[in-house]
Amino acid sequence: MKKIGVVAGMTLLAVALLSTRYYMVDLPAYHFFGGGEGPDPAALHLRGEFVESNLGAAQEEPGSLTVRMIAQQFVFVPQCVVVPAGVPITFRMTSADAVHMLSFLGTDYGLKVVPGAVTEASFTFAKPGTFKIPCHEFCGAGHYAMRGELRVVPRDQFASLLPGERRTCEQR
Ligand code: CUA
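Residues numbered from 1 in each chain as written. Predicted model: local features only at pLDDT ≥ 70, side-chain atom pairs only at ≥ 80, totals over all residues. Heavy atoms only, no water.

Here we look at the state of the cysteines
The term disulfide refers to a covalent linkage connecting the sulfur atoms of a pair of cysteines. Per the stated rule, a full pass over the model turns up one disulfide. What pairs with Cys80 in a disulfide is Cys169, and their sulfur atoms sit 1.7 Å apart. Across the disulfide from Cys80 to Cys169, rotation about the S-S bond amounts to roughly -75°, and the bridge is consequently left-handed. Placement of the pair is Cys80 in strand E5 (residues 80–84) and Cys169 in the segment after helix H2 (155–159), with a sequence separation of 89 residues. (Disulfide = S-S within 2.5 Å. Helix = DSSP H or I, 4+ residues; strand = E, 2+ residues; numbered from the N terminus.)

Here is the structure:
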């Protein structure tokens, strides 16, 4: 009887820790009700908000920034994105194939990405730095090599970048 209490206690503790440590955004609710509003995984590059020219960081309204990325076996598109420090960044992501689960190493931020739906979450990175984005959901043979990158730069440096330079980490 005592054992069960200990196990229950540990489970509760684990759940409590996970819920505070790991900020994970799960599937949008409509996905479960067959809304069919999500992007077509097979046609991401053809139409809709995930066409190539629309990927990366984009200033939508003053003071807000949106990053659009696709997760697919076994890369992120774009593979590296540049964003400003200290600004709330809205991530909008979808998958072209399997379920992927990414985290921003060194932070508590994470995202689950599924085909046919858009996962949206807003994160703020206080200081400049480089964050690796590994995939944590087994998604196939190349899973362990699947990692993107987020480069957080000072706001004034970001402002001087051209739109094309915001979706690559290559130097000018
Ligand atoms: Cu994508 Cu594992």
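The discussion continues.
Thoughts on the pattern of salt bridges
Counted under the stated rule, the structure contains six salt bridges. The salt bridge partner of Glu120 is Arg92, with a shortest N-O separation of 2.5 Å. Here Glu120 is found in strand E9 (residues 119–124), whereas its partner Arg92 is found in strand E6 (residues 88–95), with 28 residues between them in sequence. With relative accessibility at 43%, the residue Glu120 sits in the partly exposed group. Ionic pairing is found between Glu149 and Arg151, a salt bridge with its closest N-O pair at 2.7 Å. Residue class for Glu149 comes out buried when judged on its relative accessible area of 14%. (Salt bridge = Lys/Arg side-chain N within 4 Å of Asp/Glu carboxyl O. Buried < 20%, exposed > 50% of the residue type's maximum accessible area, 1.4 Å probe, protein only.)

A look at the confidence of the model for the protein
Per-residue pLDDT for the protein averages 84, and the proportion of residues at 70 or more is 78%. Low pLDDT, under 50, characterises residues 17–24; the predicted model gives this stretch 15 contacts beyond four residues in sequence or across chains. In the model, residues 27–35 has pLDDT below 50 throughout and makes twelve contacts with residues more than four positions away in sequence or in other chains. (pLDDT = per-residue confidence, 0-100. Contact = heavy atoms within 4.5 Å.)

Concerning the environment of Gly129
With respect to the secondary-structure elements, Gly129 resides in strand E10 (residues 129–134). Taking the relative accessible area as the measure of exposure, Gly129 reaches 23% and is therefore partly exposed. Separated by 25 residues in the primary sequence, Gly129 and Pro154 have C-alpha atoms spaced 9.3 Å apart. For Gly129, the residues in contact, after removing those within four places along its chain, are Leu150, Arg151 and Val152.

Details of the nonpolar core
Generally speaking, nonpolar side chains in soluble globular proteins are found buried as a group. Within the largest apolar cluster, 32 residues are counted, with the highest numbers of intra-cluster contacts made by Val67, Val83, Phe91, Phe104, Phe125 and Leu150. Among the secondary structure elements, those contributing two or more residues to this core are strand E3 (65–72), E5, E6, strand E8 (109–113), E9, E10 and strand E11 (147–153). If near-sequence neighbours (up to four positions away) are discounted, Phe125 is found in contact with Ala85, Gly86, Ile89, Phe91, Phe104, Thr107, Tyr109, Phe131, Leu150 and Val152. Leu44, Phe50, Ile70 and Val118 belong to the second-largest nonpolar core, a separate cluster that totals five residues. (Core = buried A, V, L, I, M, F, W, Y, C linked by side-chain atoms within 4.5 Å.)

Points about the sheet that holds E11
Ordered by their spatial adjacency, three strands build an open sheet running E5-E11-E10, and the pairing between neighbours is mixed. A strand with exactly one partner marks an edge of an open sheet, and here the two such strands are E5 and E10. Averaged over all neighbouring strand pairs, the angle between strand axes comes to 20°, with direction disregarded. Pairing geometry for E10 and E11, over six bridges, is antiparallel. From the neighbouring strand, Ile133 faces E11, where its bridge partner is Gly148. (Pairing = 2+ DSSP bridges. Axes fitted to C-alpha atoms, helices over the stretch in contact; angles between N-to-C directions.)

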